[in-house]
Amino acid sequence: METTKITVKVFERMLVGFDRQIDSLFIKRDGFLNSVISKEIRNLEADLAGRRNSAVAKRHIAAKLKMMGTRTVNIVVDKTTADALNKVVKEFNLVRDALVNRLILMLRSPRIFLRWMDLPEVINGSQFESMIEQMPTSPMEALKSIHDDPLYYLRAGCEERHETGLYLIDLPDDFLGFSCILDDSRIPGTEAHEKRVREADELLASLLSFEENAFSGTAEDKG
């Protein structure tokens, strides 16, 4: 199959850890990422259907990723994978580097990330029963099962707990550079963000007013 190189900027500290894990498992990084990207595109399209980043959102994501500190790497992938990736990037106005970084983050899924995002650290018979699928006892068949859909349990856990897809779940502000879709309301300086701030201030004022009136009423009743 014809291959090509794609150039990606990856959060450097994460890349070091990812490469270390890949080497310890005797996996070829480029071949593995090619497989993951090609298989995840359909899940990405399903999650992002009907959505598209604004120009300001795309710039903000790219800027946030750059601020994190990245290293440029070349990844050899099938040309069909590269073409499909470029297609979804254009369709949804994505930052391609952000998508690849998000995939690597999810593949690694360190415990602190899972806890922060309220995603399951383990899958057992007492939790998420609807998502459990049989795992082969044959080691080679088990490896094949994971290879075919490495994000299966993470995706199922996300849908179970948050009722949304992996590519839509919001990330902390420090990791907005890994966003696929970013609503303008999370970008300071935009009209959507100003509206969000005003609505939050109004809600807080209403809550304080309610509490004050409720307290005053209680005091008067006692008098």
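Residues numbered from 1 in each chain as written. Predicted model: local features only at pLDDT ≥ 70, side-chain atom pairs only at ≥ 80, totals over all residues. Heavy atoms only, no water.

Visitor: Mind laying out the packing of helix α1 (residues 12–24) against helix α5 (residues 96–108), listing which residues take part and the relevant values?
Guide: Interaxial distance between α1 and α5 falls to 11 Å at its minimum, and their mutual angle equals 50°. Classified by the interaxial angle, the pair formed by α1 and α5 is oblique. Crossing handedness for the pair α1 and α5: left-handed. For the pair α1 and α5, contact is made by Met14, Gly17, Phe18 and Gln21 and by Asn101, Ile104, Leu105, Leu107 and Arg108, respectively. Grouping the constituent residues of the contact of α1 with α5 by class yields five nonpolar, three polar and one charged. (Axes fitted to C-alpha atoms, helices over the stretch in contact; angles between N-to-C directions. Helix = DSSP H or I, 4+ residues; strand = E, 2+ residues; numbered from the N terminus. Parallel < 35°, antiparallel > 145°, perpendicular 65-115°, else oblique. Left-handed = near helix turned anticlockwise from the far one by under 90°. Contact = heavy atoms within 4.5 Å. Nonpolar A, V, L, I, M, F, W, Y, C, P; charged D, E, K, R; others polar.)

Visitor: Outline the packing of aromatic side chains, listing residues and values.
Guide: Per the counting criterion, the structure on display carries three aromatic pairs. On the basis of an interplanar angle of 80° and a centroid distance of 4.9 Å, the ring pair of Tyr152 and Tyr153 is categorised as edge-to-face. A relative accessible area of 25% means that Tyr152 is categorised as partly exposed. Residue class for Tyr153 comes out partly exposed when judged on its relative accessible area of 24%. An aromatic cluster is defined as three or more aromatic residues linked by ring pairs; in this entry it consists of Phe11, Phe175 and Phe178. (Phe/Tyr/Trp six-rings, centres within 6.5 Å; stacked < 30°, edge-to-face > 60°. Buried < 20%, exposed > 50% of the residue type's maximum accessible area, 1.4 Å probe, protein only.)

Visitor: Could you give an account of the side chain of Asn34, with specific residues and numbers?
Guide: Here Asn34 lies in helix α2 (residues 29–48). Assessed through its relative accessible area of 10%, Asn34 is described here as buried. Side-chain polar atoms of Asn34 contact the side chain of Thr81, separated by 2.9 Å. Not counting residues within four places of it along the chain, the set of residues in contact with Asn34 comprises Val76, Val77, Asp78 and Thr81. (Polar contact = N/O pair within 3.5 Å; in protein donor to acceptor, adjacent residues only side chain to side chain.)

Visitor: Talk me through the nonpolar core; I want residue IDs and the actual numbers.
Guide: Most often, soluble globular proteins keep nonpolar side chains buried together rather than apart. Judged by nonpolar contacts, the single largest core of 46 residues is most densely connected at Leu94 and Tyr167. Counting residues in hydrophobic clusters, the runner-up holds seven residues, among them Ile61, Val95, Ala98 and Leu176. (Core = buried A, V, L, I, M, F, W, Y, C linked by side-chain atoms within 4.5 Å.)

Visitor: Now, about the packing of α1 against α2: what can you tell me, with residues and values included?
Guide: Packing of α1 against α2 leaves a shortest axis separation of 10 Å and a crossing angle of 105°. With respect to their mutual orientation, α1 and α2 come out roughly perpendicular. Side by side, α1 and α2 meet where Leu15, Phe18, Asp19 and Ile22 of the first sit next to Arg29, Phe32 and Leu33 of the second. Of the residues that constitute the contact of α1 with α2, the class distribution is five nonpolar, no polar and two charged.

Visitor: Lay out α5 with the relevant residues and their values.
Guide: With 13 residues, α5 should cover 18 Å at 1.5 Å per step; its first-to-last C-alpha distance of 19 Å lies within 8% of that length. Of all the 13 residues making up α5, 10 are buried; the element is thus mostly covered by neighbouring parts of the structure. Asp97, Ala98, Leu99, Val100, Asn101, Arg102, Leu103, Ile104, Leu105 and Met106 are the residues of α5 that are buried. (Expected span 1.5 Å × (residues − 1).)

Visitor: Outline the pattern of salt bridges, listing residues and values.
Guide: Using the criterion set out here, one finds 15 salt bridges in the structure. The closest approach of N and O atoms between Glu121 and Arg111, which form a salt bridge, is 3.1 Å. With a gap of 10 residues between them, Glu121 in the loop between α6 (111–116) and α7 (139–148) and Arg111 in helix α6 connect regions that are remote in the sequence. Judged by its relative accessible area of 54%, Arg111 falls in the exposed class. With relative accessibility at 40%, the residue Glu121 sits in the partly exposed group. Salt bridges sharing partners connect three or more residues here, namely Asp19, Arg29 and Asp30. (Salt bridge = Lys/Arg side-chain N within 4 Å of Asp/Glu carboxyl O.)

Visitor: Kindly report on helix α8 (residues 152–162), identifying the contributing residues and their values.
Guide: For an α-helix, 3.6 residues make a turn, and residues three or four places apart therefore share a direction. For α8, every residue scored as buried is listed here: Leu154, Arg155, Ala156, Gly157 and Cys158. Considering only its buried residues, α8 is in contact with α2, α5 and α6. Just beyond α8, the residue with positive phi is Glu163, at close to 55°.

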